[in-house]
Amino acid sequence: MSKKVLSCDDEPYILEAVSYVVEQEGYIALTAQDGDEALQVAKIEKPDLMLLDIMMPKKRGFEVCRELKADPATAHIYVVMLTAMGQERDMEHASECGADEFMTKPFSPRNLRKRLHELLD
Amino acid sequence: MSRLGITGKLVFGLALILAGLGTALTTQAVSQFGQFLRQQATERLEAQALNWIEANYWQMVVIGDQPTLSRLVRDLQVKSSVSYVILANSEGAVRAAIGVPAGLSQAVSRRGDFMGRRWTEVRDGAGVEYFELEMSIPSTGTGMSSDLESMFGLASQARPERLPQAAHLGWLRIGVDRRDFNSRLQVVVRNNALLAAGLVGLAVLASFFFARRTVQPIAEMGKAATSIAGGDLSLRVYRGVNHSDEVGDLVRNFNAMAARLEHNSYEMARFRAGLEQMVEERTRALEQAKRQLEERTLALQEANSKLEERDRAKSDYISTVSHELRTPLTSIKAHAELLMDSPDPSPPELERRLAIINESTDRLTRLIGDILDLRRIESGVELWKTADADLRPIVRGAAELLAPKANEKGICLSVSTPDEIWARVDADQVQRVITNLIGNAIQFCSRGDVIEVSLARAASAGPFGNREGNFALIRVADTGPGIPADEHARIFEPFQQAKKAPSVAAGAGLGLTISREIVLHHHGEIWVESQPGCGSSFQFTLPLTRRPAFAAAAQA
């Protein structure tokens, strides 16, 4: 059974590119365009991996991550923060919120592809 | 005695001494004077008796009868003021007597000194005491003694052995009442005693005044010393200050000491007052300095916190700008790389990715342009092309510019500009504000919504400055989703829509911030009236100018 990857971003073009990569690599691509939606989908679908933007409407990535990690049902999800906020303090904040990995935008689809395989296979 | 004081003690002592002395002296004087008086009295009586004998010798001898003798005896009693007189012959037989008190013996002792005189004290039956002189009546020695003796009836054999017979005719006894004799003495004694008492009193008085004179300055000094000890240094002693004795010296030295004390105390008080004033001044100066320092510290802290605030804001701003720039860049990078990695992309995919890349590039360009514009306006280096202009074409131009986009989205865009309104503005910048507002409205509105753009006159600049006057009011109202009240101010801050207003879609940026800066530059105000679900109404004002003459002429 294919692994599920939930991509969360309010930028449709970025979401489009990420989903494309995920699908191309043979995983099931789930998407969410804001924080609330991301949490809902995560709780229902229990994805194996989440690519989480920070600056999202309704709920920021930090909060989404914290809630996911606080909920035993979703705490196991591997969370990769994929964000244009690349400063030191953002990384610290992300790890405080329980994020497993931090990836800065602009990202390379090639690197994302490679990382997906490393994490999911 | 302890309550008596020095004066009392001195006076008491002096009085005691003087009284003793006076008493002794008086006693001595009285005693001696008494003796003197007695002697004088006896001598006088003796002399009177002798005179009487001599004067009446012949009468006694020649006449010698009882009446004569009685008369003579009475004469003597009267002349010499004696109590009684007894005349006796040499045998002791009484020949004549007068005033002899009852109970007194009339016998003659026939004893006496070599002159036949003898003083005795006798007492009559009533107890009255008398001094009595018994003296012999001597014979004159003239050779008639035998006759006389015969006349007196004297017997030669009866003569006393101690007296020669020839020289002795008889005896005379004279008694003086001792009270009479003493009365003179008593007067003397009394007078003496009075004198002595007066002298003692005078002495006591004098000693009292003397003591007072000596002691009072000392007593006053004592009082003054008490006062000085109590803190009142102004007291001086005036009594005795002119005395030329040791007390005077003491008083003068005491006053000098008090004066020095007072002077020192005054100097000390002045010094202390000066010191206190100095301390107070220093304290005040220090307090002021402290206050100033605190104020400065506070000001510095404020300035520092403001700087920190600004620094943080700047840092946030840079962080946000960086984020905003990275977002379109991410799209470009991702889709470009996907294309590169796709060996044979299908034409639609190629077109799609190129379109995304193109649009993202435009967005990036716009963003960079906005950032630079805002920076230019905020730092005051923007070159404004200000001129008097009718606002109507500016508003209409902006609406026309965006009409196709509204049409495309199925939104009704209406414009109302009822009257010509002139203002001194940078037409391009004002149009940019209106374009921004309409663009935002289109972005947040959905198909079927309505956007109304209107130009009107207003009597106030807006809700913030409370300024009244002639203003143009430009309003862009839509029937879109609306904005919560707590975000009305925030949406004019850079990137705030994207960051904090998650209810709207992406695409916010610096539009409203730049619009606000432009309006503020024109001394207008910009604000939004909106409620979620009831649409939004963005409004801004611009101060009006009178229609320029050339424009009026051109129109005419």
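For the structure, check the block above.
Quantities reported herein were computed from a predicted structural model and do not represent experimental measurements.

(A) Quick look at the overall build of chain A. The secondary structure content of chain A amounts to five helices and five strands. Reading the helices (α) and strands (β) of chain A from amino to carboxyl end gives β-α-β-α-β-α-β-α-β-α. A compact globule built from 121 residues should have a C-alpha radius of gyration of about 14 Å, and chain A, at 13 Å, falls within 12% of that. Projected onto its principal axes, the C-alpha positions of chain A cover 30 × 30 × 25 Å. Put simply, 59% of the contacts in chain A that link residues at least 6 apart link residues at least 24 apart. Accessible area of chain A: about 5,200 Å², with a carbon and sulfur share of 48%. Charge centroids of chain A, computed over 15 positive and 23 negative side chains, lie 2 Å from each other.

(B) Highlighting the overall build of chain B. Secondary structure summary: chain B contains 11 helices and 12 strands in total. The burial tally for chain B puts 40% of its 556 residues in the buried class. In chain B, 67% of the contacts between residues at least 6 apart in sequence involve partners at least 24 apart. In the structure as shown, chain B presents an accessible area of about 31,600 Å², 56% of it carried by carbon and sulfur atoms.

(C) Inspection of the sheet that holds strand β5 (residues 101–104) of chain A at higher detail. All names here are of chain A. The five strands lie next to each other as β2-β1-β3-β4-β5, forming an open sheet whose pairing is parallel. Of all strands in the sheet, those bounded by a partner on one side alone are β2 (28–32) and β5. Within the sheet, the average angular offset between the axes of one strand and its neighbour, ignoring direction, is 20°. Across four bridges, strand β3 (residues 49–52) lies against strand β4 (residues 78–83) in parallel orientation. Across the sheet, residue L52 finds its bridge partner in β4, namely M81. The sheet strands contacting helix α2 (residues 35–45) are β1 (4–8), β2 and β3, and the helix crosses β2 at an angle near 145°. Lying on the sheet, helix α3 (residues 61–70) is in contact with β3 and β4; it crosses β4 at an angle near 180°.

(D) View of helix α8 (residues 427–444) of chain B. Between the first and last C-alpha of α8(B) there are 26 Å, a value that for 18 residues agrees with the 26 Å anticipated at 1.5 Å per step. Of all the 18 residues making up α8(B), 13 are buried; the element is thus mostly covered by neighbouring parts of the structure.

(E) Looking closely at the interface of chain B and chain A. Each partner contributes residues to the interface: chain B has 28 residues there, and chain A has 22 residues. Summed over both partners, the interface of chain B with chain A comes to about 2,400 Å²; 56% of that surface belongs to carbon and sulfur atoms. For the pair chain B and chain A, the interface holds five salt bridges. For the interface between chain B and chain A, the tally reads 11 residue pairs in polar contact (both at pLDDT 80 or more). With 17 residues, the top contributor of residues to the side of chain B that touches chain A is helix α5 (residues 246–341) of chain B. For the side of chain B that touches chain A, a count of residues per class yields eight nonpolar, nine polar and 11 charged.

(F) The arrangement of the packing of aromatic side chains in detail. Residues and elements named next belong to chain B. Tallied over the entire structure, the rule returns two aromatic pairs over all chains. Between the aromatic rings of Y84 and Y130, the centroid separation amounts to 5.6 Å while the plane-to-plane angle is 80°, which identifies the pairing as edge-to-face. One end of the pair, Y84, is in strand β1 (residues 84–89); the other, Y130, is in strand β4 (residues 129–138), with 46 residues separating them in the sequence. Across this residue pair, the class does not change: Y84 and Y130 are buried.

(G) Summary view of a nonpolar patch on the surface. All names here are of chain B. Side chains of I6, L10, I218 and L250 sit close together on the surface and give an oily, nonpolar patch of about 310 Å² of accessible area. Within the secondary structure, I6 sits in helix α1 (residues 5–63). Classification of I6 by relative accessible area gives partly exposed; the value is 45%.

(H) Looking closely at helix α10 (residues 511–521) of chain B. Residues and elements named next belong to chain B. Within α10, nine of the 11 residues are buried, which leaves the element mostly enclosed by the surrounding structure. Burial in α10 covers these residues: G511, L512, T513, I514, S515, R516, E517, I518 and V519. Looking at the buried side of α10, the elements it contacts are α6 (347–378), α8, β11 (526–530) and β12 (536–543).

(I) Structural view of the packing of helix α1 (residues 12–24) of chain A against helix α5 (residues 109–120) of chain A. Residues and elements named next belong to chain A. α5 packs onto α1 with a crossing angle of 45° between their chain directions and a minimal axis gap of 10 Å. On the basis of the axis angle, α1 is oblique to α5. Handedness of the α1/α5 crossing: right-handed. Along its contact with α1, which presents V18, V21, V22 and Q24, the element α5 presents P109, L112, R113 and L116.

(J) Fine view of the pattern of salt bridges. As enumerated under the stated definition, the model contains 37 salt bridges over all chains in all. Here K69(A) ties to D100(A) by a salt bridge, and the two come within 3.0 Å at their closest N and O atoms. Remark: D100(A) occurs in the loop between α4 (88–96) and β5 and K69(A) occurs in helix α3; sequence separation between them is 31 residues. Looking at K69(A), the relative accessible area reads 23%, which means it is partly exposed. With a closest N to O distance of 2.9 Å, R392(B) and D390(B) form a salt bridge. In this pair, the class of R392(B) matches that of D390(B), namely buried.

(K) Just the packing of α2(A) against α3(A), in detail. All names here are of chain A. At their nearest, the axes of α2 and α3 sit 9 Å apart, and the two run at 25° to each other. The orientation of α2 with respect to α3, classified from their angle, is roughly parallel. The handedness of the crossing between α2 and α3 comes out as right-handed. When α2 is examined against α3, the residues G35, A38, L39 and A42 are found in contact with a partner set consisting of V64, E67 and L68.

(L) Representation of the side chain of Q429(B) in the model. Residue and element names in this part refer to chain B. Here Q429 is to be found in helix α8. Residue class for Q429 comes out buried when judged on its relative accessible area of 8%. Beyond its immediate chain neighbours, meaning those up to four positions away, Q429 contacts E382, W384 and I518.

Conventions and cut-offs
The numbers attached to residues start from 1 for each chain and follow its sequence in the written order. Chain letters start at A and ligand numbers start at 1, both assigned in the order the entries are written. A pLDDT threshold of at least 70 governs which residues receive local features in this predicted model, and a stricter bar of 80 or more applies before side-chain atom pairs are shown or counted, although totals over entire chains, interfaces and linings include all residues. Think of the side-chain values as coming from all heavy atoms in the structure, minus any hydrogens and water. Helix and strand definitions follow DSSP, with helices as H or I runs of at least four residues and strands as E runs of at least two, each counted in order from the N terminus. For a compact globule the rule gives 2.2 Å times the number of residues to the power 0.38, and the radius of gyration it is set against comes from C-alpha atoms. Contact criterion: two residues are considered in contact whenever any of their non-hydrogen atoms come within 4.5 Å of each other. Accessible areas in this description were obtained via Shrake-Rupley with a 1.4 Å probe; residue shielding takes into account the shown protein chains only. The sign given to each residue is positive for Lys and Arg and negative for Asp and Glu; His and the chain ends receive no count. In this description, the location of a charge corresponds to atom NZ of lysine, CZ of arginine, CG of aspartate or CD of glutamate. Per-residue accessibility, obtained with a 1.4 Å probe over protein chains only, is compared with the maximum for each type, and a residue is labelled buried under 20%, exposed over 50%, and partly exposed between these values. Any two strands are treated as partners once DSSP identifies two or more bridges connecting them. In this description, a line fitted to the C-alpha atoms serves as the axis of each element, helices being fitted only across the stretch in contact, and the angle between N-to-C directions of two axes falls anywhere from 0 to 180 degrees. Multiplying 1.5 Å by the helix residue count minus one yields the expected span of that helix. Buried area: the sum, over both parts, of the accessible surface (1.4 Å probe) that disappears when the two are put together. We define a salt bridge as a contact between a side-chain nitrogen of Lys or Arg and a carboxyl oxygen of Asp or Glu at a distance within 4 Å. Identification of polar contacts relies on pairs of N or O atoms within 3.5 Å, with a donor-acceptor requirement for protein atoms, meaning one able to donate a hydrogen and the other able to accept it, and with residues adjacent in sequence counted only if both atoms are side-chain atoms. When residue character is reported, Ala, Val, Leu, Ile, Met, Phe, Trp, Tyr, Cys and Pro are called nonpolar, Asp, Glu, Lys and Arg charged, and the others, Gly included, polar. Pairs were defined over the aromatic rings of Phe, Tyr and Trp, the Trp ring being its six-membered one, requiring ring centres within 6.5 Å. Orientation was assigned from the angle between planes: stacked under 30 degrees, edge-to-face over 60, tilted for the rest. To count toward a patch, a residue needs a relative accessible area over 30% and no salt bridge; like charges are then connected within 9 Å, while nonpolar side chains (Val, Leu, Ile, Met, Phe, Trp, Tyr) are connected within 5 Å. An angle below 35 degrees is read as roughly parallel, one above 145 as roughly antiparallel, one from 65 to 115 as roughly perpendicular, and any other as oblique. Crossings are sorted by hand: turned counterclockwise from the far helix by less than a right angle, the near helix makes the crossing left-handed, and turned clockwise it makes it right-handed.

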